[in-house]
Amino acid sequence: MAPIDVRSAQTALCRALLDSGAMTPDWENAARYAPRADYLPDVIWTHDMDSGEHERVDRHSEPALWQGYACADVPIVTQWADDQPGGVPASSVPTPSVVFRMMAALDVRPGNRVLEIGTGTGWTAGLLAARLGDQNIVSIEIDPGLATAARNRLGLAGLLGTVLTRDGALGDPAGAPFHRIIASAGVREVPAAWIEQTREGGLIVAPWGTHYSSTDAIVRLEVGEGQASGPFVGPAQFMKLRAQRLEFAGREAYVPDGMAGAEHTKVAVTEEQLLGVGRFDAGVFAQGLRVRNCYRSVAGERNGGRPVWFFGLTDRSWACVVLQAGRQADVWQSGPRRLWDEVWEARGWWEDAGRPGIERFGLTVRADGSQLAWLDDLEYAWPV
């Protein structure tokens, strides 16, 4: 297959993003000047986040396929943990539609200085530099190899700002204050350093979520005196900030002797109520907001049942729900927390609230690092 016309493919992608509303017109020139294809390595993996399947694509042996994916609105994995393809992604490039929705939320203005957390391939830094000038962009990457490769790509494009090799959770105190901070890595807690390094009235845009599930959302925080607060503006899924990745002890640590002795009951619950519909379900997101310090693990179907596990992250409480089509589910739970009761209560709360979408929720981060979630406004907030 002959290579495609990258320029035409990039033009078509820009048009599609504009037509869908994912990209605002003020980002079109930057998108054309810094196309994603210029920031990808020669070997990439397409990654289906629903199925977990991936496909290795080599630019030299399959140029047309490589170029097609580079110019498509799909996520791309560029590095795997421990160099084990198909395992845990260590670095990726999100879909262009998600990137430009984040750019719209960032609401940059001429002369703004921006700090990016998570350089990765350098594409987002390139977009920002094309829009604001490279002298106004600082990007942080914890992986030395990725940082070096990104500097090279940005240098070739004439868009090299400052790329620091360090932990992004620490920010860049020497370069502060910034008008905007954008994170290209998912967070479970917004670092206090980011708030401290943002001008009052400035914005922080980041993918945020709980350990409960991978249903994350883009939060847009306005920094005020002693805190930052704002709404979620849409769903997303990013590689997590390395310092905040969950180190789960494993099921055996919670249930070393099987389910003997655990409280057992049967409940009428559907797969939709427990797991939601699609990859980004507002009900699942709400459950994660309401059930603190909990990790959910969904197993595959086995012997006509589908186990769903819940594990407390501050003790050894656990619950297991085995979903069975057309029948009541078996539920076991054990430990100081009644995790199944908490999950079911959270589901009921969301339904009683009228099944609000992700955009009706918001987050407030205080100077001491504590976080509050809220629905519609701060009058009804709770710790997360």
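Residues numbered from 1 in each chain as written. Predicted model: local features only at pLDDT ≥ 70, side-chain atom pairs only at ≥ 80, totals over all residues. Heavy atoms only, no water.

**Q** Before we go on, may I ask you to explain the overall build of the protein in this structure?
**A** Looking only at helices and strands, the protein features 11 helices and 19 strands. At 22 Å, the protein has a C-alpha radius of gyration in line with the 21 Å of a compact globule built from 384 residues. With respect to the three principal axes, the spread of C-alpha positions in the protein is 65 × 55 × 40 Å. Per-residue burial over the protein gives 51% buried out of 384 residues. For the protein, long-range pairs separated by at least 24 residues make up 56% of all intrachain contacts whose partners lie at least 6 apart in sequence. About 17100 Å² of surface is accessible on the protein, with carbon and sulfur atoms providing 48% of the total. Looking at the protein, you have 36 positive and 48 negative side-chain charges, and the mean spots of the two groups are 1 Å apart. (Helix = DSSP H or I, 4+ residues; strand = E, 2+ residues; numbered from the N terminus. Rg over C-alpha atoms; globule rule 2.2 N^0.38 Å. Buried < 20%, exposed > 50% of the residue type's maximum accessible area, 1.4 Å probe, protein only. Contact = heavy atoms within 4.5 Å. Areas by Shrake-Rupley, 256 points an atom, 1.4 Å probe, with all protein chains shown as cover. Lys, Arg positive; Asp, Glu negative; His and termini not counted. Charge placed at Lys NZ, Arg CZ, Asp CG, Glu CD.)

**Q** Where do I start with the sheet that holds strand β14 (residues 306-312) in this structure?
**A** The strand order β12-β16-β15-β14-β13 describes an open sheet built from 5 strands, whose pairing is antiparallel. Pairing within the sheet leaves two strands with one partner each, and these edge strands are β12 (263-267) and β13 (294-298). The sheet shows a mean angle of 15° between the axes of neighbouring strands, taken without regard to direction. Pairing of β12 with strand β16 (residues 329-334), which is carried by 5 bridges, proceeds in the antiparallel orientation. Note on β16: the bridge partner recorded for Lys266 is Asp330. (Pairing = 2+ DSSP bridges. Axes fitted to C-alpha atoms, helices over the stretch in contact; angles between N-to-C directions.)

**Q** Looking at this model, I keep getting lost on the packing of helix α4 (residues 96-106) against helix α5 (residues 123-132). Mind explaining?
**A** Two quantities define a packed helix pair, namely the angle between the helix axes and the distance between the axes. Remark: α4 packs on α5, axes separated minimally by 12 Å, with the N-to-C direction vectors making an angle of 45°. The angle between α4 and α5 falls in the class oblique. The two elements α4 and α5 cross, and the hand of that crossing is right-handed. In this structure, α4 uses Pro96, Val99, Phe100, Met103 and Leu106 to contact α5, whose residues at the interface are Trp123, Thr124, Leu127 and Leu128. (Parallel < 35°, antiparallel > 145°, perpendicular 65-115°, else oblique. Left-handed = near helix turned anticlockwise from the far one by under 90°.)

**Q** Can you help me understand the environment of Glu359 in this one?
**A** Note that Glu359 resides in the loop between α11 (339-352) and β17 (361-366). The spacing of Glu359 and Arg7 is 352 residues in sequence and 35 Å in space, taken between C-alpha atoms. Apart from the residues lying within four places of it in its own chain, the contact partners of Glu359 are Phe232, Val233, Gly234 and Pro235.

**Q** Even after reading the chapter, I still don't get the sheet that holds strand β6 (residues 137-141), so can you show me in this structure?
**A** In sheet architecture, strand pairing relies on hydrogen bonds along the backbone and comes in two forms, parallel and antiparallel. Reading across the sheet, the 10 strands line up as β7-β6-β5-β8-β9-β10-β11-β17-β18-β19 and stay open at both edges, with mixed pairing between neighbours. Each end of this open sheet is capped by a strand with a single partner; those strands are β7 (162-165) and β19 (381-383). Neighbour to neighbour, the strand axes of the sheet diverge by 20° on average, direction disregarded. Sheet analysis places strand β10 (residues 216-224) next to strand β11 (residues 227-236), joined by 7 bridges and oriented antiparallel. Across the sheet, Gly224 pairs through a bridge with Gln227, a residue of β11. Along the sheet face, helix α6 (residues 144-156) touches β6 and β7 and points at about 170° away from the line of β7.

**Q** So what exactly am I meant to see when it comes to the side chain of Asn136 here?
**A** By the secondary structure assignment, Asn136 is in the loop between α5 and β6. In this structure the side chain of Asn136 is engaged in a polar contact, spanning 2.9 Å, whose partner is the backbone oxygen of Leu132. (Polar contact = N/O pair within 3.5 Å; in protein donor to acceptor, adjacent residues only side chain to side chain.)

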